[in-house]
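Summary of structural features
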Amino acid sequence: MNSNRSVQIAYAIGLVLLLIAPSLIYPVLIMKVLCFALFACAFNLLLGYTGLLSFGHAVFLGSAAYITGHALKVWELPTLLGILVGTAGAAGLGWVIGSLAIRRQGIYFAMVTLALSQMVYFFFLQASFTGGEDGLQGVPRGTLFGLDLADDTNLYYLVVAIFVGAFWLIQRTIHSPFGQILKAIRENEPRAISLGYDVAKYKLLAFVLSAGLAGLAGATKTVVFKFATLTDAHWHTSGEVVLMTLLGGMGTVFGPVVGATVIVSLQNELADKVGSLVTVIMGVIFVVCVLAFRRGIVGESIALYKRMIGEKTR
Amino acid sequence: MKRKLLALTLSALLLPAAGSALAQAKGKISGDVVKIGVLTDMSGVYSDLGGQGSVVAAQMAIDDFKAKYKPTFKIELVSADHQNKADVGSNKIREWYDTQGVDMVTDVLNSAVALAVAKVTTEKNKIMLNAGAASTRITNEDCAPNNVVHYVYDTYALANGPGKAVTKLGKDTWFLLTADYAFGHSLEKDTTNAVIANGGKVVGNVRHPLNASDFSSFLLQAQASKAKVVGLANAGGDTINSIKAANEFGLTKNQTLVGLLTTVVDIHALGLQTTQGMMFTEGFYWNLNPETREWSRRFFAKHKKMPNMLPAGAYSAVTHYLKAVQATGTDDTATVMKKMKDTPINDFFAKNGKIRDDGRMVHDMLLVEVKKPSESKEPWDYYNIKQVIPGDQAFQPMAASRCPAVLAAKKK
Amino acid sequence: MTEIFGVPIQALAGQLMLGLVNGSFYAMLSLGLAVIFGMLNIINFAHGALYMMGAIFTWMFMEYLGIGYWWSLVLAPISVGLIGIAIERLLLQWLYKLDHLYGLLLTFGLALILEGFFRHLYGVAGQPYSIPDELSGAINLGFMFLPKYRAWIIVASLTVCLVTWYVIEKTRLGAYLRAATENPALTQAFGINVPLMVMLTYGFGVGLAGLAGVLAAPATQVGPLMGSNLIITVFAVVVIGGMGSILGSILTGLGLGLIEGLTKVFYPEASATVVFIIMAIVLMFRPAGLFGREK
């Protein structure tokens, strides 16, 4: 009960912060953070709650970004519909990649997703509709219910709504019977099989859901920035989302959000200061997290909090 | 202590007033500071082209300008690494324009970032003098002639120059090795057009993936084609590896290699032994005349590398901009832009350079041939200048422009 | 002249030869990955970065110490191996009790650090390294002029691969190694120092990557990014072959090199993706890989 209420309080604080944030911080930056936070949450659904490490998740972010960009710019669809089309496209791609990848487990799964995403990356590089390395530029933001989304504030509240909605969906999934089965698979796959669950089907479903949500993040990102580029689909971005989740705390509700916030602001700040050492710093964070900080910022904080109030940790 | 504080407050109150009074007399400069941003790739694949070198060059331009023209306004430089990510670049540039009062941005390597930054620049009505990115889209489909100038080079100039000049030298059959993405495709298209227009023939081509580690297979196909010229429509590591493999397979004995985006930095990385006899177009060569040598040696003292066309172009762009601000006494975008377009550019980088209506800065390009090791007299002495390609022939003619603003003007 | 699909057979043979050169690199790298995986249960993401270091060390030895190619051929892999041992002792050994995924994540971080560090030092354009005099020039094979250096790559890497296979499959040391892979606790009980073997295995595996780097140095530009693009392809090679068998890794590596070589002739646009496509097909019909056993 106690922890339940504190979670509720945390939600409330978070929501209030989100609503007043644009008057304090640059709205486009927060929107970027939200997109990556959603991306990381989607990834966390797979890694943290199903135990599947996909090393090619950027490809879903990227494909949705391109599809939405194309839908808004060339087909001139309304904004929301464009985002939906992109999300659906990413989910579809997730189904294809997922059905191949779940044939292997553990490390192989990671390698297969990485290799397949590299293949899709090459496709985006060569295809003409993506604009190759120039990127798909000049995507219109459009309007929503008569509101002009070119205005940062209007768009901001749309992005917040999308984020909150998706976040709620992820929470519901985790706490649903479906989510419980996923956790069972993570903890002990053979046992889940022996209990009669069609593990492959559940894994695939989780993969498609995660890919779709990652796609939603990518689609929203395109609307925010008005472009989609190859970076979105590159394996470096896949590495980044792993880092965000790991740093924030995988398998925790807020971990990915915290991780994404830290990494995005780090990238934004470091841009002027250290120049070429950005990659090294990311690498060091990775190593430190794996060696000494495996529960991530949120996980470690919770553990610390529990120790302080004298609760036994599991 | 108190008195000091009072004095400080007083001067803080008075100074801006005095400053703005001065500025008022000569027009307006926002915040009394002209702020120049260098947005570049400092860590990624393009960092050797521009990167820190462009920052050094921009700083030199500011220092030189201050020493020579004693401006009444302050000039500041900010720089950032966009990490080749369009979203990082576009975020940074928004922040610069909105909160830091940046007036002009230069370098902006990487076409994806440049196009994104150009959009923000237009939206915020600031100025971008692009010295780094290659895409012709910047002055065509995505042109914004009121805000964006493409200052140094583009894929058309790089392809057209050698395509025309080398073909005219009698090397009229070409084989093209193309990087299989938009950049390579546009180089391929422009080269092919130039070669055919000058009576040559493209006898074959092969498209290779980006970052292919092994080029021997493609070069064997080039060799088998018996073309007199093998054109490398690729960049960076791909070009370097192609040249290396070409050398190893003895292709350079009978065929001429033409790089379509090669700079002095690549030649330095590969060495003359490997690159001798290669031909390509570059917008600048440090060892061209006393003026370029003087500037380049100063640059070398600071950066430990000789400049290619990017830092040199960034220096020229910053200087041209500051002169326009000085002359008009304002940093208002429209006024400064008009002044820059009205004034021809004459410095060590460009002779009679001119900014056209589509935002393209036209200036002479150089067709160079890489020296034999025995001909090189000193480190970085790498080129024989085969031909100076006049600006109006080097760049895409206005008649072929796909820039909406230009097309609209034509209709009227 | 006889032709296949419009390509003269002689030219085709030449292209296959080049495919074999690339295959040799795949073979050496995937062999190293397989050896490490067998012993440590870790997929070494830093493999590409260590391959790159092999090449950079070769260049550094020449540039700063005047040490030539032949000595580098010995010294650079040993240096890389020693760095590998340091990595294993300082970092990896703390992860053995955890999920294998942490090993992947840690080595991914390492790859970023190494790549970023050398990029910071030397930029990305890379450094030139010339072919040693003894191996410059070309051999006339009748159907093509094969540069001697390319021939040397094939010979050297095949030799190394076969020796490795022999040591692991046919010698006493190899028997200990296989035993330790199968059941570390029991092997330890027989008085064999398993942690030492693990350490040496990792050192040896990355040493192979270093050696591949030395072999690559004169053939390509020596630069910090040379490993990261290769490693993903090698991962696909490993998935296709399955990591169960040493000989399997070698054969898969060579075979995929050949297939890639053919793609470069018939449909060069797909030469970057063909390995991944094959991987997808193999996954559909033989998920454990061509030579793998489902665990």
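Sequence order as written defines residue numbering, which begins from 1 separately in each chain. For this description, chains carry letters from A and ligands carry numbers from 1, given in the order in which they are written. The model is predicted, so local features are restricted to residues of pLDDT at least 70 and side-chain atom pairs to those at 80 or more, both for listing and for counting; the totals for chains, interfaces and linings are taken over all residues.

Topic: the interface of chain A and chain C
Two residues qualify as being in contact provided that their C-beta atoms, derived from the backbone, are within 7 Å of each other. Counting from both sides, the interface comprises 32 residues of chain A and, opposite them, 34 residues of chain C. Top contributing element to the side of chain A that touches chain C by residue count: helix α5 (residues 106-126) of chain A, with 13 residues. Under this grouping Gly is polar, as are all residues other than the nonpolar Ala, Val, Leu, Ile, Met, Phe, Trp, Tyr, Cys and Pro and the charged Asp, Glu, Lys and Arg. Taken together, the residues of the side of chain A that touches chain C break down into 23 nonpolar, seven polar and two charged. Per the convention used, a helix needs a DSSP run of H or I reaching at least four residues, while a strand needs a run of E reaching at least two, with both numbered from the N terminus.

Considering the interface of chain A and chain B
Listed by partner, the interface residues are 28 residues for chain A and 32 residues for chain B. For the side of chain A that touches chain B, the elements supplying multiple residues, two or more each, are α2 (27-50), α5, α11 (255-273) and α12 (278-292) of chain A. Among the elements that make up the side of chain A that touches chain B, the one with the highest residue count is α11(A) (four residues). Its residues assigned to classes, the side of chain A that touches chain B shows 10 nonpolar, 13 polar and five charged.

Points about the domain arrangement of chain B
All names here are of chain B. Segmentation of the chain into domains, including their bounds, is taken from an automatic or database domain assignment. Each domain of chain B was delimited in the assignment, giving domain 1 (31-153 + 289-355) and domain 2 (156-282 + 365-388). For domain 1 versus domain 2, the separation of C-alpha centres amounts to 29 Å. Listed by partner, the interface residues are 11 residues for domain 1 and 13 residues for domain 2. Along the lines of polarity and charge, the residues of the side of domain 1 that touches domain 2 split into six nonpolar, three polar and two charged.

Digging into the nonpolar core
General note: in soluble globular proteins, nonpolar side chains tend to be found buried as a group. Judged by nonpolar contacts, the single largest core of 342 residues is most densely connected at Leu38(A), Phe39(A), Met111(A), Ala115(A), Val117(B) and Met279(C). Residue contributions to this core peak at 18 residues, all from α2(A). Shared between two domains, this core takes at least three residues from each, and those domains are domain 1 (31-153 + 289-355) and domain 2 (156-282 + 365-388) of chain B. Excluding residues within four positions of it along the chain, Met279(C) makes contact with Ala115(A), Ala236(C), Val239(C) and Ile240(C). As used throughout, a nonpolar core is a set of buried Ala, Val, Leu, Ile, Met, Phe, Trp, Tyr and Cys residues joined through C-beta atoms within 7 Å of each other. Neighbour density around each residue's C-beta defines its exposure: 20 or more other C-beta atoms within 10 Å make it buried, 12 or fewer make it exposed, and counts between make it partly exposed, where C-beta atoms are placed from the backbone.

Details of the packing of α5(A) against helix α11 (residues 274-285) of chain C
Two quantities define a packed helix pair, namely the angle between the helix axes and the distance between the axes. In the contact formed by α5(A) and α11(C), the axes pass within 9 Å of each other and the chain directions differ by 135°. One element, α5(A), and the other, α11(C), form an angle in the oblique class. The way α5(A) lies across α11(C) gives a crossing that is left-handed. Counting all contacts with α5(A), which are made through Val112(A), Ala115(A), Leu116(A), Gln118(A) and Met119(A), the residues of α11(C) involved are Phe276(C), Ile277(C), Met279(C), Ala280(C) and Leu283(C). Tallied by class, the residues present in the contact of α5(A) with α11(C) amount to nine nonpolar, one polar and no charged. In this description, a line fitted to the C-alpha atoms serves as the axis of each element, helices being fitted only across the stretch in contact, and the angle between N-to-C directions of two axes falls anywhere from 0 to 180 degrees. Here roughly perpendicular refers to angles of 65 to 115 degrees, roughly parallel to angles under 35, roughly antiparallel to angles over 145, and oblique to all remaining angles. Here a crossing is called left-handed whenever its near helix is offset anticlockwise from the far helix by less than a right angle, and right-handed whenever the offset is clockwise.

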